[in-house]
Amino acid sequence: QVQLVESGGGLVQPGGSLRLSCAASGSIFRLNAMGWHRQAPGKQRELVARITSGSSTNYVDSVKGRFTISRDNAKNTVYLQMNSLKPEDTAVYYCNANVRRRGSFIDMDYWGNGTLVTVSS
C-alpha cells in the first residue's frame, strides 16, 4: 500500500504564510505527478497546484504568485508554500500522488486525509 500524510495546516491571519508538507511512504516504485487540492465548506474540491516528476508546475489562477509547489524526490515529499493568505484560501487541503507501486504495471492515484487551513483574523 501507499500512504500520504499531510502536515503544516493551522490558523493564520490574513497576509500570513503557511507551508504544507506531504510525505509518501509504502510500496513505491515511482512517484509521478503530485498535487495539492482543496475543498472549502459548501464547495467542490479543486486542484490548487500540481508538479510533475520533472518538476513542471501549474497552478489555479487564484493562487498564482502567492503559492509555490515543490518536491523533494529523495524524501518522497511534496510541499506547498502559501504566502499572502486570504480568507478565501480557508479549506481542507488534500495531497494527491500518482504512483507506480512495486511489482505493478499500472499507475494509481492516492490521497491523503487532508489538513485544515484557516485564514482568519
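Report follows, based on the coordinates. Because the structure is a prediction, the values reported are computed rather than measured. (Residues numbered from 1 in each chain as written. Predicted model: local features only at pLDDT ≥ 70, side-chain atom pairs only at ≥ 80, totals over all residues. Heavy atoms only, no water.)

### Some words on the nonpolar core
Counting residues in each nonpolar core, the largest one holds 30 residues, and the members touching the most others are Trp36, Phe67, Val78, Leu80, Met82 and Tyr93. At the level of elements, strand 1 (2-7), strand 3 (18-26), strand 4 (28-39), strand 5 (46-51), strand 7 (67-72), strand 8 (77-82), strand 9 (91-101) and strand 11 (115-119) are the ones that each hand at least two residues to this core. Looking at which element gives the most residues to this core, the answer is strand 9, with five residues. Non-local contacts of Phe67, meaning those with residues more than four positions away in its chain, are made with Arg38, Val48, Tyr59, Leu80, Gln81, Met82, Asn83, Leu85, Asp89 and Tyr93. (Core = buried A, V, L, I, M, F, W, Y, C linked by side-chain atoms within 4.5 Å. Buried < 20%, exposed > 50% of the residue type's maximum accessible area, 1.4 Å probe, protein only. Helix = DSSP H or I, 4+ residues; strand = E, 2+ residues; numbered from the N terminus. Contact = heavy atoms within 4.5 Å.)

### Some remarks on the pattern of salt bridges
Using the criterion set out here, one finds six salt bridges in the structure. Between Asp89 and Arg66 there is a salt bridge, with the nearest N and O atoms lying 2.8 Å from each other. Of this pair, Asp89 sits in the loop between strand 8 and strand 9 while Arg66 is found in the loop between strand 6 (57-59) and strand 7, placing the two residues 23 residues apart along the sequence. As far as burial versus exposure is concerned, Asp89 and Arg66 are alike and both buried. Between Arg100 and Asp107 there is a salt bridge whose closest N-O contact spans 2.5 Å. The class of Arg100 is buried, set by a relative accessible area of 17%. Judged by its relative accessible area of 34%, Asp107 is partly exposed. By sharing partners, the salt bridges in this structure join Arg38, Glu46, Arg66 and Asp89 into a single network. (Salt bridge = Lys/Arg side-chain N within 4 Å of Asp/Glu carboxyl O.)

### Here we look at the state of the cysteines
Following the criterion strictly, the structure yields one disulfide and no others. In this model, Cys22 is linked to Cys95 through a disulfide, with the two sulfur atoms separated by 2.1 Å. Note on the Cys22 and Cys95 pair: the S-S dihedral is about -80°, so by sign convention the disulfide is left-handed. Highlighted residues: Cys22 in strand 3 and Cys95 in strand 9, separated in sequence by 73 residues. On the basis of relative accessible area, Cys95 is assigned to the buried category, the value being 0%. (Disulfide = S-S within 2.5 Å.)

### As for a nonpolar patch on the surface
Nonpolar side chains collect at one region of the surface, where Phe105, Ile106 and Met108 lie side by side and expose about 370 Å² of accessible area between them. One can find Ile106 in the loop between strand 9 and strand 10 (107-111). On the accessibility criterion, Ile106 (52% relative accessible area) is exposed. (Patch = residues over 30% accessible without salt bridge, like charges linked within 9 Å, V, L, I, M, F, W, Y side chains within 5 Å. Areas by Shrake-Rupley, 256 points an atom, 1.4 Å probe, with all protein chains shown as cover.)

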